[in-house]
Amino acid sequence: ETGVTQTPRHLVMGMTNKKSLKCEQHLGHNAMYWYKQSAKKPLELMFVYNFKEQTENNSVPSRFSPECPNSSHLFLHLHTLQPEDSALYLCASSQFQNQPQHFGDGTRLSIL
Amino acid sequence: EDQVTQSPEALRLQEGESSSLNCSYTVSGLRGLFWYRQDPGKGPEFLFTLYSAGEEKEKERLKATLTKKESFLHITAPKPEDSATYLCAVDGSGNTGKLIFGQGTTLQVKP
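Residues numbered from 1 in each chain as written. Chains lettered and ligands numbered in written order. Predicted model: local features only at pLDDT ≥ 70, side-chain atom pairs only at ≥ 80, totals over all residues. Heavy atoms only, no water.

Peer 1: Explain the overall build of chain B to me, using residue names and the numbers behind them.
Peer 2: Scanning chain B from N- to C-terminus turns up 0 helices and 11 strands. Mapped from its N terminus to its C terminus, chain B presents α and β elements in the order β-β-β-β-β-β-β-β-β-β-β. Computed over C-alpha atoms, the radius of gyration of chain B comes to 13 Å, within 12% of the 13 Å expected from 2.2 N^0.38 for 111 residues, which places it in the range of a compact globule. Expressed along its principal axes, the backbone C-alpha trace of chain B runs to roughly 45 × 30 × 20 Å. Residues counted as buried form 42% of the 111 residues belonging to chain B. Here the contacts in chain B between residues at least 6 apart in sequence split such that 54% fall between residues at least 24 apart. Entry remark: accessible area of chain B is about 5,500 Å², with carbon and sulfur atoms responsible for 46%. (Helix = DSSP H or I, 4+ residues; strand = E, 2+ residues; numbered from the N terminus. Rg over C-alpha atoms; globule rule 2.2 N^0.38 Å. Buried < 20%, exposed > 50% of the residue type's maximum accessible area, 1.4 Å probe, protein only. Contact = heavy atoms within 4.5 Å. Areas by Shrake-Rupley, 256 points an atom, 1.4 Å probe, with all protein chains shown as cover.)

As structure tokens, this is what we get:
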């Protein structure tokens, strides 16, 4: 596989469930990102990781917990989510933090 | 506060009818301006990076230009397959990777 792969593509969960989103990049990049895309709103950066270290948390609620075990994998652990968290969650990667970011096709999350 | 505004929100063109999309930005120090294309159900696809005023980049029917306050994405003789949402983003963060995105322009090209 090439590029940035996100799984699952779709996820429906209740507010009390715990689930995880997975992102894997096969581009040899060193920086990885989580974004939230809601209808009628601009893409919103959530977290930035550079060489596995978190360098940015854009005031994201603690019910979203990221994990970056290595430069190729990024997870977003979800628990006790709210209906307003329903959105498309996009993962991206770049060679370095000032380089163009390449996106996966996202996970469409629906909170019941 | 860094800000990006794209206009128009939506644009309908006939095949072959050239036009331009606008991206106005306010940032303390521009490190880069990025254009992306997003198709329904897909993630954004990288098109161009512009770093300094006066810079231009071209790819097929698309040409991106940059001034100190705005960027334009010119579409020459568009085809139906150019239909997509075009996103503009700026990096004013000092190379932290923190991009600020505009809301996008949804382009529809009719045959």
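Peer 1: Just give me the short version of the overall build of chain A, but keep the residues and values in it.
Peer 2: Helix and strand counts for chain A stand at 0 helices and 11 strands. Listed by position from the N terminus, the elements making up chain A come as β-β-β-β-β-β-β-β-β-β-β. The C-alpha atoms of chain A give a radius of gyration of 13 Å, which matches the 13 Å a tight globule of 112 residues would have. Looking at chain A residue by residue over its 112 residues, the buried ones come to 48%. Across chain A, every contact between residues at least 6 apart in sequence was considered, and the portion connecting residues at least 24 apart equals 53%. Of the roughly 5,300 Å² of accessible surface on chain A, 48% is carried by carbon and sulfur atoms. Of note, chain A has its 10 positive side-chain charges centred 7 Å away from the centre of its 9 negative side-chain charges. (Lys, Arg positive; Asp, Glu negative; His and termini not counted. Charge placed at Lys NZ, Arg CZ, Asp CG, Glu CD.)

Peer 1: Describe the sheet that holds strand E1 (residues 4-7) of chain A, and please don't skip the residues or the numbers.
Peer 2: All names here are of chain A. The strand order E1-E3-E8-E7 describes an open sheet built from 4 strands, whose pairing is antiparallel. In this open sheet, the two edge strands, each paired with only one partner strand, are E1 and strand E7 (64-70). In this sheet, neighbouring strand axes are inclined to one another by 20° on average, regardless of whether the strands run parallel or antiparallel. (Pairing = 2+ DSSP bridges. Axes fitted to C-alpha atoms, helices over the stretch in contact; angles between N-to-C directions.)

Peer 1: Give a detailed account of the layout of surface pockets, specifying residues and quantitative values.
Peer 2: By volume, the largest pocket amounts to about 640 Å³. The wall of the largest pocket is formed by 25 residues, among which Gln 37 and Lys 40 of chain A together with Gln 38, Thr 85 and Thr 106 of chain B lie closest to the centre. Secondary structure elements with two or more residues in the lining of the largest pocket: strand E9 (84-91) and strand E11 (105-110) of chain B. Looking at the lining of the largest pocket residue by residue, the classes come out as 6 nonpolar, 11 polar and 8 charged. Considered as a void within the structure, the second largest pocket measures approximately 200 Å³ in volume. Around the second largest pocket sit Lys 41, Pro 42, Leu 43, Glu 44, Leu 45 and Asn 58 of chain A together with Gln 3, Val 4, Lys 98, Leu 99, Ile 100 and Phe 101 of chain B, which together line it. Breaking the lining of the second largest pocket down by element, the ones donating at least two residues are strand E5 (44-50) of chain A together with strand E1 (3-7) and strand E10 (99-101) of chain B. When grouped by side-chain class, the residues that make up the lining of the second largest pocket number 7 nonpolar, 2 polar and 3 charged. (1 Å grid on protein atoms, 1.4 Å probe; cavity = no way out; pocket = protein on both sides within 12 Å on 5 of 7 lines; lining within 4 Å. Points joined across faces, edges and corners; volume = space filled by probe spheres on them. Nonpolar A, V, L, I, M, F, W, Y, C, P; charged D, E, K, R; others polar.)

Peer 1: Break down the interface of chain B and chain A for me, with residues and values.
Peer 2: Size of an interface: often given as the accessible area lost when the parts come together. Of the residues lining the interface, 20 residues belong to chain B; the matching set on chain A comes to 23 residues. With both sides pooled, the region where chain B packs onto chain A buries about 1,600 Å², and carbon together with sulfur makes up 52% of that total. On the surface where chain B and chain A come into contact, there are 2 salt bridges. The salt bridge partner of Glu 56 of chain A is Lys 98 of chain B, with a shortest N-O separation of 3.4 Å. Where chain B packs against chain A, one counts 9 residue pairs in polar contact (both at pLDDT 80 or more). Taken together, the elements giving at least two residues each to the side of chain B that touches chain A come down to strand E4 (32-38), strand E5 (45-50), E9 and E10 of chain B. Partitioned by chemical class, the residues of the side of chain B that touches chain A number 8 nonpolar, 9 polar and 3 charged. (Buried area = accessible area lost by both parts, 1.4 Å probe. Salt bridge = Lys/Arg side-chain N within 4 Å of Asp/Glu carboxyl O. Polar contact = N/O pair within 3.5 Å; in protein donor to acceptor, adjacent residues only side chain to side chain.)

Peer 1: Describe the sheet that holds strand E7 (residues 62-66) of chain B, listing the residues and the values that go with them.
Peer 2: Residues and elements named next belong to chain B. The 5 strands lie next to each other as E1-E3-E8-E7-E6, forming an open sheet whose pairing is antiparallel. The outermost strands of the open sheet, each flanked by one partner alone, are E1 and strand E6 (56-59). Strand-to-strand twist across the sheet, computed as the mean angle between neighbouring axes with direction ignored, equals 15°. In this sheet, strand E8 (residues 70-75) lies alongside strand E3 (residues 19-26) in antiparallel orientation, the contact comprising 6 bridges. The residue of E8 that forms the bridge with Ser 24 is Glu 70.

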